[in-house]
Amino acid sequence: MTEPAHFRDLLSGLQSRAAARIDRLETELDNLARARRDGSDDDEHDPEGVPLSAEWSRLVGLLQAARSEAAEVDSALLRLEAGTYGICSQCRKAIPVERLEARPFADRCVRCAS
Ligand SMILES: [Zn+2]
């Protein structure tokens, strides 16, 4: 039996960390957009030699990952409210607690997820 309060805590922790990460990445992307706009053509490389476009792709990738984690956490919280948390969305069996401890937003058991 899963303990809703415990997982609600875990998930809210993840939720605020993901939100903070999204905020930070959006700020970094803003700064980078400004740097690109202000720069002339040969500023496509920053002093450390990392092309701005490569840095841009890296940040966009991280932002997408943070957003999809936030979405997974949100839907896990909804399942918690609905009382379906910890039940595999595919085979309807209980997801082992150890898996939920490792991945609190998991919605499928290991077998169905692989
Ligand atoms: Zn399953």
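Reading the values: the criteria
Residues numbered from 1 in each chain as written. Predicted model: local features only at pLDDT ≥ 70, side-chain atom pairs only at ≥ 80, totals over all residues. Heavy atoms only, no water. Helix = DSSP H or I, 4+ residues; strand = E, 2+ residues; numbered from the N terminus. Buried < 20%, exposed > 50% of the residue type's maximum accessible area, 1.4 Å probe, protein only. Lys, Arg positive; Asp, Glu negative; His and termini not counted. Salt bridge = Lys/Arg side-chain N within 4 Å of Asp/Glu carboxyl O. Polar contact = N/O pair within 3.5 Å; in protein donor to acceptor, adjacent residues only side chain to side chain. Contact = heavy atoms within 4.5 Å. Axes fitted to C-alpha atoms, helices over the stretch in contact; angles between N-to-C directions. Parallel < 35°, antiparallel > 145°, perpendicular 65-115°, else oblique. Left-handed = near helix turned anticlockwise from the far one by under 90°. Nonpolar A, V, L, I, M, F, W, Y, C, P; charged D, E, K, R; others polar. Donors = N, O, S within 2.8 Å, 3.2 Å for Na, K, Ca; no water. Tetrahedral: all angles 85-135°; square planar, octahedral: opposite > 155°, others 65-115°. Phe/Tyr/Trp six-rings, centres within 6.5 Å; stacked < 30°, edge-to-face > 60°. Core = buried A, V, L, I, M, F, W, Y, C linked by side-chain atoms within 4.5 Å.

Asker: Hey, could you run me through the side chain of Arg79 in this one?
Answerer: With respect to the helices and strands, the residue Arg79 is situated in helix H2 (residues 52–82). Despite its burial, Arg79 pairs with no opposite charge; the closest candidate is Asp107, at 4.5 Å N-O. Reaching out from Arg79, the side chain makes a polar contact with the backbone oxygen of Phe105 at a distance of 3.3 Å. Polar contacts involving the side chain of Arg79 include one to the main-chain carbonyl oxygen of Ala106, which spans 3.4 Å. Contact partners of Arg79, with chain neighbours within four places excluded, come to Thr84, Tyr85, Phe105, Ala106 and Asp107.

Asker: Quick question: what am I supposed to make of the environment of Ala35 here?
Answerer: Tracing the sequence through the fold places Ala35 in helix H1 (residues 4–38). Linking Ala35 and Leu52, residues 17 residues apart in sequence, is a C-alpha distance of 8.7 Å.

Asker: When you look at the packing of H1 against H2 in this model, what are you seeing that I'm missing?
Answerer: In a pair of packed helices, the angle between the axes and the distance between the axes together describe the arrangement. Remark: H1 packs on H2, axes separated minimally by 8 Å, with the N-to-C direction vectors making an angle of 155 degrees. As summarised for this structure, H1 and H2 are arranged roughly antiparallel, according to the angle between their axes. The element H1 and its partner H2 pack so that their crossing is left-handed. Taken together, the residues that form the contact of H1 with H2 break down as 22 nonpolar, two polar and ten charged.

Asker: What is the right way to look at the coordination of the zinc ion in this model?
Answerer: For a metal bound by four donors in a tetrahedral arrangement, the ideal donor-metal-donor angle is 109.5 degrees, while six donors in an octahedral arrangement ideally sit at 90 or 180 degrees. On the protein side, the zinc ion has Cys88 (SG), Cys91 (SG), Cys109 (SG) and Cys112 (SG) as donor atoms, found 2.2 to 2.3 Å from it. Each of the four donor atoms around the zinc ion contributes to a set of angles spanning 102 to 119 degrees, which defines the coordination as tetrahedral. Positions of the donor residues of the zinc ion, expressed as sequence spacing, correspond to C-x2-C-x17-C-x2-C. Here Cys91 is found in the loop between H2 and helix H3 (97–102), whereas its partner Cys109 is found in the loop between H3 and helix H4 (110–113), with 18 residues between them in sequence.

Asker: What should I look at first to understand the packing of aromatic side chains in this one?
Answerer: Two measures describe an aromatic ring pair: the distance that separates the ring centres and the angle between the ring planes. Taken as a whole, this structure holds one aromatic pair when the rule is applied. Between Phe7 and Tyr85 the ring centres are 5.4 Å apart and the planes differ by 45 degrees, which places this aromatic pair in the tilted class. Residue Phe7 is found in helix H1, and its partner Tyr85 is found in the loop between H2 and H3; the two are separated by 78 residues along the sequence. Classification of Phe7 as buried rests on a relative accessible area of 1%. A relative accessible area of 6% means that Tyr85 is categorised as buried.

Asker: Would you take a moment to explain the nonpolar core for this structure?
Answerer: Within soluble globular proteins, side chains that are nonpolar tend to cluster in buried spots. In this structure, Leu11, Val73, Tyr85 and Phe105 are the most contacted members of the largest nonpolar core, which totals 14 residues. Within the residue set of this core, elements represented by two or more residues are H1 and H2. With four residues, the top contributor of residues to this core is H2. Those residues within four positions of Phe105 in sequence are excluded, and the remaining contacts are Leu11, Leu14, Glu69, Glu72, Val73, Ala76 and Arg79. The next biggest cluster of nonpolar side chains, apart from the first, holds ten residues, and it includes Ala18, Ile22, Leu29 and Leu63.

Shape descriptors only; they carry no functional weight alone.
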